[in-house]
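An overview of the molecular structure
One letter stands for each residue in the lines below.
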Amino acid sequence: MIDQGTLRIGQKVCYQPEHYRDDQWENGMIKEIPEHTTEAIRVVYNCAGNWKNFKDYTSALTQLSDLKIGWRHE
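Everything in this summary refers to the structure shown in the same document. Remember, predicted model here, so these are calculated numbers, not experimental data.

1. A word on the state of the cysteines
- Counted by the stated rule, this structure contains 0 disulfides.
- No disulfide involves C14; its nearest neighbouring cysteine sulfur is the one of C47, lying 15 Å away.
- Its relative accessible area of 3% is what places C14 among the buried residues.
- We classify C47 as buried; its relative accessible area is 2%.

If you want it as structure tokens, here you go:
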């Protein structure tokens, strides 16, 4: 699992939980590292490709165990 202390706002991550197939994933960017938990962070996944303004979009609280560092590409 990713160590929350090594993460930073704006870092690229890839969401791929166990129930996804190997060819399923979602790329995102870290929007917030909440203080109330060490097991999850807030990630923006959908921003219409407007990644430079990712902070203006809604984020999802995501378990660190479902994330990998960096984006995955086809």
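Still more to cover.
2. Describing unusual backbone geometry
- A positive phi angle, close to 55°, is found at A48, a residue other than glycine.
- Topologically, A48 is positioned in the loop between β3 (40–44) and β4 (60–63).
- What makes A48 exposed here is its relative accessible area of 81%.

3. A short note on the pairing of strand β2 (residues 26–32)
- The pairing of strand β1 (residues 12–15) with β2 spans 4 bridges and is antiparallel. What sits directly across from C14, in β2, is N27.
- In the sheet, β2 pairs with β3 via 3 bridges, with the strands oriented antiparallel. Note on β3: the bridge partner recorded for I30 is V43.

4. What to know about the pattern of salt bridges
- Taken as a whole, this structure holds 1 salt bridge when the rule is applied.
- The shortest N-O distance in the salt bridge between D23 and R21 comes to 3.0 Å. In this structure, D23 and R21 share a single accessibility class: exposed.

5. Things to note about the sheet that holds β3
- The 5 strands are arranged β4-β3-β2-β1-β5 in an open sheet whose pairing can be described as antiparallel. Among the strands making up the open sheet, the edge pair consists of β4 and β5 (67–69). Pairs of neighbouring strands in the sheet enclose a mean axial angle of 50°, with direction left out of account.

Basis of the calculations
- Residues numbered from 1 in each chain as written.
- Predicted model: local features only at pLDDT ≥ 70, side-chain atom pairs only at ≥ 80, totals over all residues.
- Heavy atoms only, no water.
- Disulfide = S-S within 2.5 Å.
- Buried < 20%, exposed > 50% of the residue type's maximum accessible area, 1.4 Å probe, protein only.
- Helix = DSSP H or I, 4+ residues; strand = E, 2+ residues; numbered from the N terminus.
- Pairing = 2+ DSSP bridges.
- Salt bridge = Lys/Arg side-chain N within 4 Å of Asp/Glu carboxyl O.
- Axes fitted to C-alpha atoms, helices over the stretch in contact; angles between N-to-C directions.

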